[in-house]
Amino acid sequence: MKNYIAAITIIAASNQAIAATLIEPGAQIDKGFTKTEQVLKELVGLVRANGYRCDSITFARRMAMKSGFVMACNNARYKYEIEDRGGNWQVTLD
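Residues numbered from 1 in each chain as written. Predicted model: local features only at pLDDT ≥ 70, side-chain atom pairs only at ≥ 80, totals over all residues. Heavy atoms only, no water.

Topic: the pattern of salt bridges
Logical step 1: Counted by the stated rule, this structure contains 3 salt bridges.
Logical step 2: Of the charged contacts in the structure, one is a salt bridge between Arg53 and Asp55, with a shortest N-O distance of 2.5 Å.
Logical step 3: With a relative accessible area of 49%, Arg53 lands in the partly exposed category.
Logical step 4: Classification of Asp55 by relative accessible area gives partly exposed; the value is 37%.
Logical step 5: Glu83 is the salt-bridge partner of Arg85, the closest N and O atoms lying 3.3 Å from each other. (Salt bridge = Lys/Arg side-chain N within 4 Å of Asp/Glu carboxyl O. Buried < 20%, exposed > 50% of the residue type's maximum accessible area, 1.4 Å probe, protein only.)

Considerations on the side chain of Asn74
Logical step 1: Its location among the elements puts Asn74 in the loop between strand 3 (68–73) and strand 4 (78–85).
Logical step 2: We classify Asn74 as buried; its relative accessible area is 15%.
Logical step 3: Setting aside residues no more than four positions away along its own chain, Asn74 makes contact with Glu24, Arg53, Cys54, Asp55, Ser56 and Thr58. (Helix = DSSP H or I, 4+ residues; strand = E, 2+ residues; numbered from the N terminus. Contact = heavy atoms within 4.5 Å.)

Re the sheet that holds strand 1 (residues 23–29)
Logical step 1: Read from one edge of the open sheet, 5 strands run 1-2-3-4-5, paired in mixed fashion. The strands lining the two open edges of the sheet, one partner per strand, are strand 1 and strand 5 (88–93). For this sheet the average axis-to-axis angle between neighbouring strands, irrespective of direction, equals 15 degrees.
Logical step 2: The pairing of strand 2 (residues 57–62) with strand 3 spans 5 bridges and is antiparallel. Within the sheet, the bridge partner assigned to Ala60 lies in strand 3 and is Met71. (Pairing = 2+ DSSP bridges. Axes fitted to C-alpha atoms, helices over the stretch in contact; angles between N-to-C directions.)

Have a look at this one:
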């Protein structure tokens with residue numbers, strides 16, 4: 001049981017470290033995100049799965065009038081809209 005708990009602790013710590021390395025110093029992240037690290041990793045995963053680049057997060061927030069997110073990566077060099085369209089996530093370079 002102790003080994004199992006230790007393994008969970010190591011996995012959780014490594015996931016937080018991965019998320020922390022993605023976030024740029026001074027990044028503006030929506031305070032309304034629940035499970036912020038997981039949301040950011042999934043957003044970055046969607047961006048990368050669509051062939052775009054995101055090595056670090058400059059800002060991330062929910063869209064005001066649509067179902068989705070706006071995110072900037074790599075010192076705001078790339079800005080993306082990640083939108084739920086009919087149950088499918090669409091990533092566009094803004």
